[in-house]
Amino acid sequence: GAGVSQSPRYKVAKRGQDVALRCDPISGHVSLFWYQQALGQGPEFLTYFQNEAQLDKSGLPSDRFFAERPEGSVSTLKIQRTQQEDSAVYLCASSVQGLYNEQFFGPGTRLTVL
Amino acid sequence: QKEVEQNSGPLSVPEGAIASLNCTYSDRGSQSFFWYRQYSGKSPELIMFIYSNGDKEDGRFTAQLNKASQYVSLLIRDSQPSDSATYLCAVNSGGSNYKLTFGKGTLLTVNP
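Residues numbered from 1 in each chain as written. Chains lettered and ligands numbered in written order. Predicted model: local features only at pLDDT ≥ 70, side-chain atom pairs only at ≥ 80, totals over all residues. Heavy atoms only, no water.

### Side note on the environment of Glu57 of chain B
Residue and element names in this part refer to chain B. Relative to the elements of secondary structure, Glu57 occurs in strand E6 (residues 54–58). Take Glu57: its relative accessible area is 60%, and that puts it in the exposed class. On a C-alpha basis, the gap between Glu57 and Tyr71 in space is 17 Å, while along the polypeptide they are 14 residues apart. Setting aside residues up to four positions removed in sequence, Glu57 forms contacts with Thr62 and Arg77. Within polar-contact distance, the side chain of Glu57 engages the side chain of Arg77 at 3.4 Å. (Helix = DSSP H or I, 4+ residues; strand = E, 2+ residues; numbered from the N terminus. Buried < 20%, exposed > 50% of the residue type's maximum accessible area, 1.4 Å probe, protein only. Contact = heavy atoms within 4.5 Å. Polar contact = N/O pair within 3.5 Å; in protein donor to acceptor, adjacent residues only side chain to side chain.)

As structure tokens, this is what we get:
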């Protein structure tokens, strides 16, 4: 596709439910990133994949957050036992592997936990 | 101390004026610097990147980098109402060439 796509665009979950957010990066982009953006803040790094390898998960806020990219293309961010503080926009970005790493963002998934 | 600092604004300029957006960063090892534009309710859109000291121009946009002062700026010439958005400064950090740290963004309003 022409750009990064994400689904669903909006997700409402009851506290304690599990959710799965999907990201389809730009074709040919080796690197994939997940960010969390709270209202009025800049995006915060969550995790980074190079192909199927998760090379950095230092930004994941708790062990309830899990990300995978099993075939090196589509990625899924899973949040278990959602809490109200998980409410945010979850952004996926991809880039061509390179020294300077210009990242292009998808439209995001707005998660609301009631 | 926040690693990337921006004035939150709002910055208000008249149509046709030059808008100047500023950003400072704390990691002296940072090598790459990005400006993203984010319209309300939308995702960040990459508009400029700069890696070397000095100026980089692209159309109405000019990015300026001063690594000694740990300062990066974005100038928007002939500002248009369609430029009204939040501008996010992002810097690679943590000794990596992939992890971006973002500022909180500066809200720019261009008045017709």
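There's plenty left to go through after this.
### Quick word on the interface of chain B and chain A
The interface of chain B with chain A comprises 19 residues on the first partner and 23 residues on the second. Between chain B and chain A we count one salt bridge in total. Put simply, Asp56 of chain A and Lys99 of chain B hold a salt bridge, and the shortest N to O gap is 3.5 Å. In this structure, the connection of chain B to chain A is made through seven residue pairs in polar contact (both at pLDDT 80 or more). For the side of chain B that touches chain A, the elements supplying multiple residues, two or more each, are strand E4 (33–38), strand E5 (45–50) and strand E10 (100–102) of chain B. The element that contributes the greatest number of residues to the side of chain B that touches chain A is E4 of chain B, accounting for three residues. (Salt bridge = Lys/Arg side-chain N within 4 Å of Asp/Glu carboxyl O.)

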